[in-house]
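# Chain and residue survey
The primary structure of each chain is shown beneath.
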Amino acid sequence: MSADALIARFEQEKSRALGRSLRRHAGLYYTPPEIAARVMEVALRSVGGASGRVLDPCAGAGAFLVAAARAGLRDLHGFDLDPEALRVARKALNLCGARARLRKADSLRLTPREPADLLVSNPPYWHVADARERAFLLDRFPALRGGEIDRYAAFLLRALQLVRPGGAAALLVPDTWMFLSRSGALREAVLAQAEVAAIVDLGKPFPSAKDTRVQAVVLLRKPARVRSTYVARGSVALSPVSRAELATAARRGWFVYRSHGERALCAAMEAGAVPLGSACAVGYGMRTGANPRHVARRVPGGTEIGLVGGEDVVPYALRWRPKTLLHPERLEALVRRQLGAPRVAVQRIRTNAQAPWARWLEAAIVPGELVCLDSLSTLACADEDRLWALLALVQSVALQRYHRLRTTDVNVKPSALRELPVPRTLLESPRELAGLARLRAAARMPDADLHRLDRRIDACVYRAFDLPSRLVHAAEQGFWGERFDQEIQALERAMSDPFDTVAGKEGIA
């Protein structure tokens, strides 16, 4: 049996023994050998070669230590809390003709006698629920305060304590720490202690966590040469990012997965725009704290309040599955914030994003007598034309593309929505786009005709951003992929067709 097969068999058996719930609670997502090899490749590229003491503080069954051995590294060390996993790691390394010093230990608490030259690891993910463990982590790593207390976030900081000055830490972690608004202190703490040498998007390699997108991040502990950050998507190099840019954006978030052309597109869209958060109120829907107690699946009666959730929103429309608020007394203040005025509701959880053209932002107008639950983000403003124009804007191809270039998170949080660009010209004159949005919401027609109307909305949005044709083509190519040729023709037809002729041609006046 090969080392990879031995590790894979152990991990499969361990996963079955734990079950989905316990494995997820422990944050254990085992590393495919090709991913471990890619992380090692990125690490060695960043440090300029293979040498020195290597440590995996979360060694598991040895996937990263095997990758290090195959790269020619020999001074191998590892910690893990699972002695059975360490026994498998020893056997796997023996099959590769390598040896390692492995020890059962908690690497968040134990400090080795010697620091590592290179640390490589896939630390455990998931939030820390235990109160004593949370208190320990907050005391040890103050930069976690105010954010998600997640094991992998703690290991981003712990890794820099386990390598020597000038040494490197290469970790396989979820990429959400880069752009979550509450992780600003974590990003600042990383920059204070290290140079970010590389950030590489490795997609979603874990079948048991289909929405977990991970990255290889390489940190060089200071003192180290100041450098631009190497950025890649898989094996494709993207535009590098300067340290100055990371420092400036540390509080707001890092949005680095962009080619030179994609960076130019985002900059052009931002140039004549204001953030969505300054054009309307952006927030969460209502969190009941106990849906089984407060949400009944039936039509509201009398003075009862109807509820809308993510399942009810399709583009431009509600397909309402009736829900009623029960025991509203403790939620009265939250209810009052929404009742009486329509708002745009945006689905928060996107799981349909496999095809390039799957829309991550799907939104509809919710009438003032219904209250949105927290499976929705909401947009609200007093100007009705502006509200309808924003409904169309957030679902346009231009905004879909921009949003994907700012985040890989399928959870469409208000913090991400607030940063979306809104053309100033659209705020000054929203009527044309608002009219198209109303037509789209009211239309009852074949899918082909709906799509032509969507393309007219896209054309209106591109005109509002005043993008040159090369950037329009860049947005379209990035969004449509293999459908680009046919879609750009449809867009060009829509851009040459004035709004005044739309109602007559479509017969939807």
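What this report covers is the structure whose coordinates are included nearby. Computed from a prediction, not measured in an experiment: that's the story for all the values here.

Looking at the secondary structure, you find Arg38 in helix α2 (residues 33-47). Leave out the neighbours within four places in its chain, and Arg38 touches Val200, Leu202, Tyr230, Ala232, Gly234 and Ser235.

On the basis of which strands lie adjacent, the open sheet formed by 9 strands has the order β3-β2-β1-β4-β5-β7-β6-β8-β9 and mixed pairing. Single-partner strands in this sheet number two, and they are β3 (100-104) and β9 (236-237). Relative to strand β5 (residues 163-174), strand β4 (residues 116-121) is paired through 5 bridges, and the arrangement is parallel. The residue of β5 that forms the bridge with Ala116 is Val163. In the packing of helix α6 (residues 151-162) onto the sheet, contacts are made with β1 (53-56), β4, β5, β6 (194-201) and β7 (214-221), and the angle to β5 comes to roughly 160°.

On to helix α4 (residues 83-95). Here α4 is 13 residues long and its end C-alpha atoms lie 19 Å apart, about the 18 Å a rise of 1.5 Å per residue gives. Restricting attention to buried positions, one finds in α4 the residues Ala85, Leu86, Val88, Ala89, Ala92 and Leu93. For α4, the arc enclosing every buried residue in end-on projection is 160°, short of the 170-degree limit, so these residues lie on one face.

Core analysis: the largest hydrophobic core is formed by 97 residues, its most contacted members being Leu144, Trp177 and Trp254. Examining the composition of this core, we find that 9 residues originate from one element, α6, more than from any other.

Pairing is antiparallel across the open sheet formed by 4 strands, whose spatial order is β11-β20-β17-β18. On the outer flanks of this sheet lie β11 (281-284) and β18 (363-366), each paired with one strand and no other. Sheet twist, expressed as the mean angle between neighbouring strand axes with direction ignored, is 30°. Contacting β17 (343-347), β18 and β20 (376-380), helix α13 (residues 384-395) crosses the sheet at an angle of about 160° to β18.

Turning to the packing of helix α14 (residues 397-406) against helix α18 (residues 447-465), a few remarks are in order. Where α14 meets α18, the axes come as close as 8 Å, and the angle between the chain directions of the two elements is 70°. With respect to α18, the element α14 is oriented roughly perpendicular. Residues Val397, Ala398 and Leu399 of α14 touch α18, and the partners they reach there are Arg455, Asp458, Val461, Tyr462 and Phe465. Of the residues that constitute the contact of α14 with α18, the class distribution is 6 nonpolar, no polar and 2 charged.

Reading the values: the criteria
- Within each chain, residues carry numbers counting from 1 in the order of the written sequence.
- Per-residue local features are limited, in this predicted model, to residues with pLDDT of at least 70; the limit for side-chain atom pairs, both in listing and counting, is 80 or more; totals at the level of whole chains, interfaces and linings are taken over all residues.
- The side-chain figures draw on all heavy atoms in the structure; neither hydrogens nor water molecules are used.
- For helices the rule is a DSSP run of H or I covering at least 4 residues; for strands it is a run of E covering at least 2, with both sets numbered from the N terminus onward.
- Pairs of residues are marked as contacts when any of their non-hydrogen atoms sit within 4.5 Å.
- Strands are treated as partners if at least two bridges between them are detected by DSSP.
- Inter-axis angles, ranging from 0 to 180 degrees, are taken between N-to-C directions of lines fitted to C-alpha atoms, where helices are fitted over the stretch in contact.
- How far a helix is expected to stretch is found by multiplying one less than its residue total by 1.5 Å.
- Relative accessible area decides the class of each residue, using a 1.4 Å probe on protein chains only: under 20% of the type maximum gives buried, over 50% gives exposed, and in between gives partly exposed.
- Relevant arc is that of directions from the helix axis to the C-beta atoms, nothing else.
- Residues enter a nonpolar core if they are buried and are Ala, Val, Leu, Ile, Met, Phe, Trp, Tyr or Cys, with the set joined through side-chain atoms within 4.5 Å.
- Throughout this description, any angle smaller than 35 degrees is read as roughly parallel, any larger than 145 degrees as roughly antiparallel, any in the 65 to 115 degree range as roughly perpendicular, and the remainder as oblique.
- Side-chain classes follow a simple rule in which Ala, Val, Leu, Ile, Met, Phe, Trp, Tyr, Cys and Pro form the nonpolar group, Asp, Glu, Lys and Arg form the charged group, and the remainder, Gly included, forms the polar group.

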